[in-house]
Amino acid sequence: MPLREDLADDLAAAVRTPEIFAVYQPQVSLESGSIVAAEALCRWRHPQLGDIDPVTMIEVAERTGVIHELGRRMLDECLDTLRDWRGMGRAWAVTVNVSPAQFEDDSFGGHVADQFARRGFGPGSLVLELSHDSPSIDEGAALPQLRLLRDRGVEISLGDYGMDTVAPERLRRLPLTEVKIPGHLVRSVESGTRSSLHDEVERAHADGLRVVAEGIETLTHLDIAVQLGCDRAQGFLIREPDAEIVFP
Ligand code: C2E
Ligand code: MG
């Protein structure tokens, strides 16, 4: 793997090219078994180095400030995809990952809300997913932007739920609609036993939040997601992220 410094220039150029694109991983409703949404994940196919690890790409993008352009690029692409899905008669929502750094640009929330409104999609069609490791996401510039987005029909999801990294009172300050339990936590629950995750799911439901179980790789994991009372599931068992969602 090349040095991150070497990747920075390439990334700044690639963000305007088809080297960078979105893939989508479906989420199924555990009530109906149907696809109800899909998470967009960015991919970078470097012409010399091949596929670059998304975590590395996002780290470089955040450090160099390219995250703002990458974020806009992903959002545009996802709204186009949403239009295509509606054209195919699919009512799926799209979830877009957002870095805390994107809120440093005060106009970010308004820009997203405007793009969303201009396209005329219904409330809940677009979900912005925040990572929990953003220490000040409930303070400063982010909170008013999140509230504006929520008022304008964009849903807000928080990843890495159940890791005890965000105190419940801080969590309640965020205008969330959804929390996502990371795959390694779901997979750590022993089938048929009650764990602290059951309480976390109950707490989220009591706060009116939808709960998504990520990283579902086997039927046992799927069963655990059901036992936990999760609303939705996502993972390799259901489908790997892909450029298109092939619908049977
Ligand atoms: P994340 O948001 O937690 O995304 C889930 C990751 O788990 C994805 O890795 C996905 O490919 C992988 N995954 C899906 N199903 C399974 C499964 O059943 N088992 C296992 N072990 N893994 C599964 P990926 O695509 O490498 O993305 C890594 C991280 O990069 C994401 O983690 C997210 O934090 C970040 N990321 C990806 N795309 C974007 C983006 O457009 N913007 C921002 N800001 N971050 C992004
Ligand atoms: Mg995610």
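This section reports on the structure supplied with the text. Since the structure is predicted, the reported quantities are computational estimates derived from the model, not experimental observations.

What counts as what
Residues numbered from 1 in each chain as written. Chains lettered and ligands numbered in written order. Predicted model: local features only at pLDDT ≥ 70, side-chain atom pairs only at ≥ 80, totals over all residues. Heavy atoms only, no water. Helix = DSSP H or I, 4+ residues; strand = E, 2+ residues; numbered from the N terminus. Contact = heavy atoms within 4.5 Å. Areas by Shrake-Rupley, 256 points an atom, 1.4 Å probe, with all protein chains shown as cover. Lys, Arg positive; Asp, Glu negative; His and termini not counted. Charge placed at Lys NZ, Arg CZ, Asp CG, Glu CD. Near = heavy atom within 4 Å. Polar contact = N/O pair within 3.5 Å; in protein donor to acceptor, adjacent residues only side chain to side chain. Nonpolar A, V, L, I, M, F, W, Y, C, P; charged D, E, K, R; others polar. Donors = N, O, S within 2.8 Å, 3.2 Å for Na, K, Ca; no water. Buried < 20%, exposed > 50% of the residue type's maximum accessible area, 1.4 Å probe, protein only. Core = buried A, V, L, I, M, F, W, Y, C linked by side-chain atoms within 4.5 Å. Disulfide = S-S within 2.5 Å. Salt bridge = Lys/Arg side-chain N within 4 Å of Asp/Glu carboxyl O. Axes fitted to C-alpha atoms, helices over the stretch in contact; angles between N-to-C directions. Parallel < 35°, antiparallel > 145°, perpendicular 65-115°, else oblique. Left-handed = near helix turned anticlockwise from the far one by under 90°.

**Looking at the overall build of the chain**
Point 1. Scanning the chain from terminus to terminus reveals 9 helices and 9 strands.
Point 2. For the chain, the proportion of contacts with a sequence separation of at least 24, taken over those separated by at least 6, is 69%.
Point 3. Surface accessibility of the chain: about 11700 Å² in total, with carbon and sulfur atoms responsible for 50%.
Point 4. Both charge centroids of the chain, one from 25 positive and one from 42 negative side chains, sit 5 Å from each other.

**Let's talk about the site of ligand 1**
Point 1. Near ligand 1 lie 20 residues; those nearest to it are Gln 25, Arg 43, Ser 99, Glu 217 and Phe 236.
Point 2. Glu 39 places a side-chain nitrogen or oxygen 3.2 Å from an oxygen atom of ligand 1.
Point 3. For ligand 1, a nitrogen atom lies 3.0 Å from a polar atom in the backbone of Cys 42.
Point 4. For the shell around ligand 1, the secondary-structure elements that each account for two or more residues are β2 (35–46), α2 (54–64) and β4 (93–98).
Point 5. Its residues assigned to classes, the shell around ligand 1 shows 10 nonpolar, 5 polar and 5 charged.

**So, the coordination of the magnesium ion (ligand 2)**
Point 1. The magnesium ion (ligand 2) binds to the protein through Glu 39 (OE), Asn 97 (OD1) and Glu 129 (OE); the donor distances cover 2.0 to 2.4 Å.
Point 2. Summarised as a motif, the one-chain spacing of the donors to the magnesium ion (ligand 2) is E-x57-N-x31-E. Placement of the pair is Asn 97 in strand β4 and Glu 129 in strand β5 (residues 126–130), with a sequence separation of 32 residues.
Point 3. For Asn 97, a relative accessible area of 33% corresponds to the partly exposed category.

**Focus: unusual backbone geometry**
Excluding glycine, a negative phi dihedral is what most residues carry, and trans is how most peptide bonds are arranged.
Point 1. Of note, Asp 160 is a non-glycine position whose phi angle comes to about 55°, a positive value.
Point 2. Structurally, the position occupied by Asp 160 is in the loop between β6 (155–158) and α6 (168–173).
Point 3. For Asp 160, a relative accessible area of 24% gives the class partly exposed.

**Focus: the nonpolar core**
Point 1. Tyr 24, Leu 126, Leu 128 and Ile 181 are the most contacted members of the largest nonpolar core, which has 71 residues in total.
Point 2. Of the residues forming this core, the biggest block, 8 residues, is contributed by helix α3 (residues 67–87).
Point 3. With near-sequence residues (within four places) excluded, Leu 128 lies in contact with Leu 75, Val 96, Val 98, Phe 108, Val 112, Leu 149, Val 154, Glu 155, Ile 156 and Ser 157.

**Things to note about the state of the cysteines**
Point 1. Taken as a whole, this structure holds 0 disulfides when the rule is applied.
Point 2. The thiol sulfur of Cys 78 is not disulfide-bonded, and the nearest other cysteine sulfur, from Cys 42, lies at 9.7 Å.

**Notes on the pattern of salt bridges**
Point 1. On inspection of all chains with the given rule, the structure shows 18 salt bridges.
Point 2. As a salt-bridge pair, Asp 80 and Arg 83 come within 3.6 Å of each other at their nearest N and O atoms. Residue Asp 80 and its partner Arg 83 are located together in helix α3, separated by 3 residues, close to a single helical turn.
Point 3. Judged by its relative accessible area of 29%, Asp 80 is partly exposed.
Point 4. With relative accessibility at 46%, the residue Arg 83 sits in the partly exposed group.
Point 5. When the shortest N-O distance is used, the salt bridge between Asp 80 and Arg 119 registers 2.8 Å. Here Arg 119 lies in helix α4 (residues 108–119) and Asp 80 lies in helix α3, a separation of 39 residues in the sequence.

**Considering the packing of α4 against helix α5 (residues 142–151)**
Angle between the axes and distance between the axes are the two parameters that describe a pair of packed helices.
Point 1. In contact at an axis separation of 8 Å, α4 and α5 are set at 10° when each is read in the N-to-C sense. In terms of orientation, α4 lies roughly parallel with respect to α5. Crossing handedness for the pair α4 and α5: right-handed. Together, Phe 108, Gly 109, Gly 110, Val 112 and Ala 113 of α4 and Gln 145, Leu 148 and Leu 149 of α5 make up the contact between the two elements.
Point 2. Its residues assigned to classes, the contact of α4 with α5 comprises 5 nonpolar, 3 polar and no charged.

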